[in-house]
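So you can see what is in the structure, the chains are spelled out below.
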Amino acid sequence: MPDTNPCVLIIDDDAEFRDSVGRLLRSVGLEACQFSSADEFFASPPPDRPTCLVVDVRMPGRSGLELQRELLASDNQVPIIFLTAHGDIPMTVQAMKAGAIEFLTKPFRDQDLLDAIYAGLSRDRERRESDKAMDDLRSRFESLTVREREIMIQATSGRLNKQIAYSIGIAEATVKVHRMNVMRKMKARSLPELSRMADKLGLKAEKPTAS
């Protein structure tokens, strides 16, 4: 997954303002893409790299807050920084509760905008890294055989090899071989680490029972 050259998307119907913010971002080495409306933004494919949005609250057509609601409805968690010349407290509260990074009133200090953008890009980078790690974990689990998955679930629930062997009707030595394969395929260095993986995957583990 590309992780170089983060991108800041500026969504504002004021072309002069977009150009001004774009120049500011280029002056600190950040790439900027400009959109005149929410419709234009949604018509473009999202960048596959750390991203944040700088969005005017009041625009013709869909507003910045409507754009935010649509992104949340589609489970798109890209960080948003709102800008407005007419902000009020209820609007600010609504945007921040929905996860906005910052709500700046025009005119604002360049450094305040840059600080918010750096925070947004950092959050998006962390989210993307977390999503990639989760995808990798699911892929490793899917590489397990049905029997290996069953043994992983029982082992991470606290059952001993002999208990697992008894419950599924195989030899204890066979359970040991399967457990070794599970540890190797899941890239787990210890049982506690494997248990944490099972928790992240949401695997339902049974309580240990005596054989």
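See the structure shown above.
The model shown is predicted, which means the values in this text are computed figures rather than measured ones. (Residues numbered from 1 in each chain as written. Predicted model: local features only at pLDDT ≥ 70, side-chain atom pairs only at ≥ 80, totals over all residues. Heavy atoms only, no water.)

Draft legend 1. Main features of the packing of aromatic side chains. Tallying each qualifying case throughout the model produces four aromatic pairs. Between F82 and F103 the ring centres are 5.9 Å apart and the planes differ by 40°, which places this aromatic pair in the tilted class. Of this pair, F82 sits in strand β4 (residues 80-84) while F103 sits in strand β5 (residues 102-105), placing them 21 residues apart in sequence. Grouping residues by exposure puts F82 and F103 together as buried. By the ring-pair criterion, three or more aromatic residues cluster together here, those being F35, F41 and F42. Here the guanidinium or amino end of K106 rests over the ring plane of F17, the centre of that ring lying 4.2 Å away. When the ring centre of F141 is taken as reference, the NZ or CZ atom of R149 above it lies at 5.1 Å. (Phe/Tyr/Trp six-rings, centres within 6.5 Å; stacked < 30°, edge-to-face > 60°. Helix = DSSP H or I, 4+ residues; strand = E, 2+ residues; numbered from the N terminus. Buried < 20%, exposed > 50% of the residue type's maximum accessible area, 1.4 Å probe, protein only. Lys NZ or Arg CZ within 6 Å of the ring centre and 35° of its normal.)

Draft legend 2. Inspection of helix α3 (residues 64-73) at higher detail. Here α3 has its buried residues at G64, L65, L67, Q68 and L71. Projected down its long axis, α3 shows its buried positions confined to an angular sector of 155°, all on one face. (Arc of directions from axis to C-beta.)

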